[in-house]
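Topology and contacts: notes
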Amino acid sequence: MSELGEAFCLVCGAPPPLFGERMCEPCFRKRVKLAEVPENVPWVRCARCGIVELQGKWVNISEEEVWDELIQRNLKFHVDAEDIGIAFETRRVSDRHTLIHLQLEGVIDSLLFQEEYTMRARMANGVCLTCTRKAGNYYEATVQLRSSGRKLSEEEYENLRKTLDLVKESLSDDPMFFITNEGPVTGGYDVVLGSKGLARAWGRHLTKEYGGQVVETNSTVGRKDGIDVTRLTLLYRKPGYELGDVIRWRENLWRPASWAKDGAIVERIDRQERTGATWRDLESSQVLARMSEHIVVDLINQDSSVGEFLDPTTWTMASIRLPWDHKAKTAARIARIEGEWIALHSMAIDENVSIE
Ligand SMILES: [Zn+2]
Ligand SMILES: [Zn+2]
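Quick summary incoming for the structure in this document. What you see is a predicted model, and the numbers here were worked out from it, not measured in a lab. (Residues numbered from 1 in each chain as written. Chains lettered and ligands numbered in written order. Predicted model: local features only at pLDDT ≥ 70, side-chain atom pairs only at ≥ 80, totals over all residues. Heavy atoms only, no water.)

1. Comments concerning helix H5 (residues 196-210)
- When the terminal C-alpha atoms of H5 are compared, their 21 Å separation across 15 residues agrees well with the 21 Å that a helix rising 1.5 Å per residue should span.
- For H5, every residue scored as buried is listed here: Lys-196, Leu-198, Ala-199, Ala-201, Trp-202, Gly-203 and Leu-206.
- Where the residues of H5 are buried, they touch strand S9 (141-148), helix H4 (154-170), strand S11 (188-193), strand S12 (213-224) and strand S13 (227-239).
- The distance from a side-chain oxygen at the start of H5 to the backbone nitrogen of Gly-197 is 3.1 Å, and the residue carrying that oxygen is Ser-195.
- Once H5 ends, the next one or two residues include Gly-211, with phi positive near 75°. (Helix = DSSP H or I, 4+ residues; strand = E, 2+ residues; numbered from the N terminus. Expected span 1.5 Å × (residues − 1). Buried < 20%, exposed > 50% of the residue type's maximum accessible area, 1.4 Å probe, protein only. Contact = heavy atoms within 4.5 Å. Polar contact = N/O pair within 3.5 Å; in protein donor to acceptor, adjacent residues only side chain to side chain.)

2. A short note on the coordination of the zinc ion (ligand 2)
- Protein-derived ligands of the zinc ion (ligand 2) are Cys-46 (SG), Cys-49 (SG), Cys-128 (SG) and Cys-131 (SG), with the metal-ligand distances lying across 2.3 Å.
- With four donor atoms in place around the zinc ion (ligand 2) and angles of 105 to 113° between them, the coordination shape is tetrahedral.
- For the zinc ion (ligand 2), all donor residues lie on one chain, and their spacing in sequence is C-x2-C-x78-C-x2-C. Here Cys-46 is found in strand S2 (residues 40-46), whereas its partner Cys-128 is found in the loop between strand S8 (111-126) and helix H3 (129-135), with 82 residues between them in sequence. (Donors = N, O, S within 2.8 Å, 3.2 Å for Na, K, Ca; no water. Tetrahedral: all angles 85-135°; square planar, octahedral: opposite > 155°, others 65-115°.)

3. Things to note about the coordination of the zinc ion (ligand 1)
- The coordination sphere of the zinc ion (ligand 1), as far as protein atoms go, consists of Cys-9 (SG), Cys-12 (SG), Cys-24 (SG) and Cys-27 (SG), spread over 2.3 to 2.4 Å.
- Taken together, the four donor atoms coordinating the zinc ion (ligand 1) and their angles of 104 to 114° define a geometry best described as tetrahedral.
- When the donors of the zinc ion (ligand 1) are listed by position in the chain, the intervening gaps give C-x2-C-x11-C-x2-C. Pair noted here: Cys-9 is in the segment before helix H1 (25-31) and Cys-24 is in the segment before H1, with a separation of 15 residues, a long-range link. Considered together, Cys-9 and Cys-24 belong to a single accessibility category, that of buried residues.

So, in structure tokens, the structure goes:
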């Protein structure tokens, strides 16, 4: 007989040691489980692009990460469990079903528990937000590529379009960064995009690289959940001139040296002069010799103001007035302007761009 007041198992009357709510070890183990594990756990994958839905959010994760997530979210451990260890193996049984075999261990009230379970991960097909919107021809913004001053070639439009891919890569992954539609239109090229943010980032890149302006237009197309739904149109006009070209502007010849915030810095060719001009100022300008058409010639004879060289178009000697910054150099950069050769002063950009 146990003495009065001495603890004993409430279930079977066995003497200590006792655990939990006063039970001997066998009774405690019979009544307590380390973990509760559901037999079936569902998950959703986009049938079109393969991304996974987790707690209402679509994420691009691997299958391994899906199993980790399902285990984290579906296992319920005993409130007093400590030193928990989880090991698992998976076995695919069909396209949609994968068995997750679990080996669990943990300590409750100083007793080590080791348990094994099998959980069935059941995949359901869904369609993510991006794919739903793509399928519905959803778009938020249109970027219109155009030019001013001269027509751009197909190749020039292709090069402008390629920069969108660069901009997209440089930004972090966003499911709305997709192209709904694109193609040439009369006088330009249009790209229809899923994201206003991407359209604006591209517009900034274009003006930084090629100069020119972006004009934004917002239009309201409806209302949803009490908020106006707007669409953005970005009209980008690439100037007909590029840095280094020879242009006629206000009766004189100039070369754009760099892009400024609302125009370009231009350098005059026949004397030392540098000035800023707005896009509007430059609208009347005309490209006379593109930088890619300039050539560099060796000077055979020269005095202080005139140089002689072999004209590559006729193979006869020709003379030109030397540029204002000429300091007995042996070569000169020249451009054919309205049937005549004109020597150009040196600009920083000449060092970076090679001449064929
Ligand atoms: Zn007992
Ligand atoms: Zn999708």
